[in-house]
Structure formats: C-alpha cells, structure tokens
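Single-letter residue listing:
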Amino acid sequence: MTSEAAIVVAGGDILDLDAVMRVMDDSFDPAYGEAWTASQCAGLLPMPGVWLTLARNGEAVAGFALGRIVVKEAELLLLAVKKEEWGKGIGKLLLRTFAEDAQSKGATKLFLEVRDGNPAIDLYKSFGFHEIGRRPKYYTGRDGQLYDALTLSKLAGA
Ligand SMILES: CC(C)(COP(=O)(O)OP(=O)(O)OC[C@H]1O[C@@H](n2cnc3c(N)ncnc32)[C@H](O)[C@@H]1OP(=O)(O)O)[C@@H](O)C(=O)NCCC(=O)NCCS
C-alpha cells in the first residue's frame, strides 16, 4: 500500500468494477472512443496476469490503473483519474505503482497504447516511455472519426 497526501493506493478486483466505471465515465472524453465498457472490464479482470490498482481518496475511488503481464512484458491497459482530481499527482502515482508492481511480477519491459494527441503522452514521456510504433485508425470516436494509437515502451526499472 502506498500513500501520498490523502491518497492511498492499493489493489482492487472485480468487486470494484462499479467504482472503476464511475472513474472511466468521468475521465475519458467520449469523443475519442478510448474508454472501455463495464463488460470489457469484467471480462478482463479475472484473467491471469491482470491486475487492478486503485487510488482512493477516503472512501471514494479517485483513479485506477489496469495492468497485464505476459511472461516478461507488462502492459498498462488503462490509466484514469476523476476529472475533479486531475493535476494532483494521482496519475503519476498510479503510473509509478504500475511500473513497480510490473517489475516485482517479473516484467523487464513496459508497454502501453495511447491515442495520438492525448495529453497523457506528456506524462508517459516524462516517466521514460518512448514511442516504438503507431497503429493507424485504432480508436473510433463518437462521430466515427478514426484516431491513431501510439505504442510506447520503456525498460522496467530504468
Ligand atoms: C492522464 C490522467 C490519468 C492524468 O492524471 P492526473 O492525476 O491529472 O496526472 P498528474 O496530476 O499525476 O499529472 C502528471 C503529469 O501529466 C501531465 N498531464 C496529465 N494530464 C494532463 C492533461 N489533461 N493535460 C496536460 N497535461 C497533463 C502533466 O504534465 C503532469 O505533469 P506535472 O505534474 O509536471 O504538471 C488523467 O488526465 C485522465 O484520467 N485522463 C483521461 C483518461 C486518459 O486519457 N488516460 C490515459 C490513456 S489510458
């Protein structure tokens, strides 16, 4: 368990799905088609190698990170913080926790996919991630517009 100011970071599970979806619906702009549905999350959470980290502000879930490890490669599948909590370092704390957890699970490399143009790219790059690929037209936005995904990577522990 890690804490920073009033924020406490700890593992979560399928029982936290409603709280996760409240953060998901609040944080992702529906214009870009990046958010997952509850059934997508519910399907993934029980799978081997998948882990959920929650950032709590008191009883309320302020943010979460969803990770998956396959052999020595860990992927950050989702990172989100409630809008009213943006800019307080919670995203950075969740990212750091994801990286530490991934390393302790045996990962040597970290990956993530992010929409080209998402301001979170600054956060990832400042944490040491760099671009290794692009998936054209990966996200379908609300109005049918397509957006590329960037694949970012970094060595675990670097
Ligand atoms: C990305 C996100 C998780 C960041 O959460 P946060 O708690 O606000 O992040 P932090 O306060 O730790 O900010 C860390 C850094 O990220 C950058 N950053 C994060 N979000 C930003 C935004 N919306 N606009 C500009 N910069 C942003 C800042 O440079 C900040 O650096 P600083 O501390 O030096 O100012 C949050 O904005 C969010 O939930 N966004 C919607 C979901 C999303 O797009 N997730 C990423 C793709 S899965």
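Definitions and limits used
- Residues numbered from 1 in each chain as written.
- Predicted model: local features only at pLDDT ≥ 70, side-chain atom pairs only at ≥ 80, totals over all residues.
- Heavy atoms only, no water.
- Near = heavy atom within 4 Å.
- Polar contact = N/O pair within 3.5 Å; in protein donor to acceptor, adjacent residues only side chain to side chain.
- Areas by Shrake-Rupley, 256 points an atom, 1.4 Å probe, with all protein chains shown as cover.
- Helix = DSSP H or I, 4+ residues; strand = E, 2+ residues; numbered from the N terminus.
- Nonpolar A, V, L, I, M, F, W, Y, C, P; charged D, E, K, R; others polar.
- Buried < 20%, exposed > 50% of the residue type's maximum accessible area, 1.4 Å probe, protein only.

Participant: I tried to follow the site of the ligand on my own but got confused; where do I start?
Facilitator: In the vicinity of the ligand lie 17 residues, with Leu79, Gly87, Gly89, Gly91 and Asn118 positioned nearest. Contact distances for the ligand include 2.7 Å between a nitrogen atom and a backbone N or O atom of leucine 79. Relative to its unbound accessible surface of 880 Å², the ligand loses 72% to contact with the protein. Breaking the shell around the ligand down by element, the ones donating at least two residues are β5 (73-81), α3 (90-104) and α4 (120-126). Its residues assigned to classes, the shell around the ligand comprises ten nonpolar, five polar and two charged.

Participant: When you look at the environment of glycine 117 in this model, what are you seeing that I'm missing?
Facilitator: Locating glycine 117 in the fold gives a position in the loop between β6 (109-115) and α4. On a C-alpha basis, the gap between glycine 117 and leucine 150 in space is 9.2 Å, while along the polypeptide they are 33 residues apart.

Participant: It is not clear to me how unusual backbone geometry should be interpreted in this structure. Could you clarify?
Facilitator: Leaving glycine aside, a negative phi is the common case for residues, and trans is the common case for peptide bonds. One non-glycine residue, valine 71, adopts positive backbone phi at about 55°. Looking at the element boundaries, valine 71 is found in the loop between β4 (60-70) and β5. Although it is not a glycine, lysine 137 adopts a positive phi angle of roughly 55°. Considering the arrangement of structural elements, one finds lysine 137 in strand β7 (residues 130-140). When its relative accessible area of 58% is taken as the criterion, lysine 137 is described as exposed.

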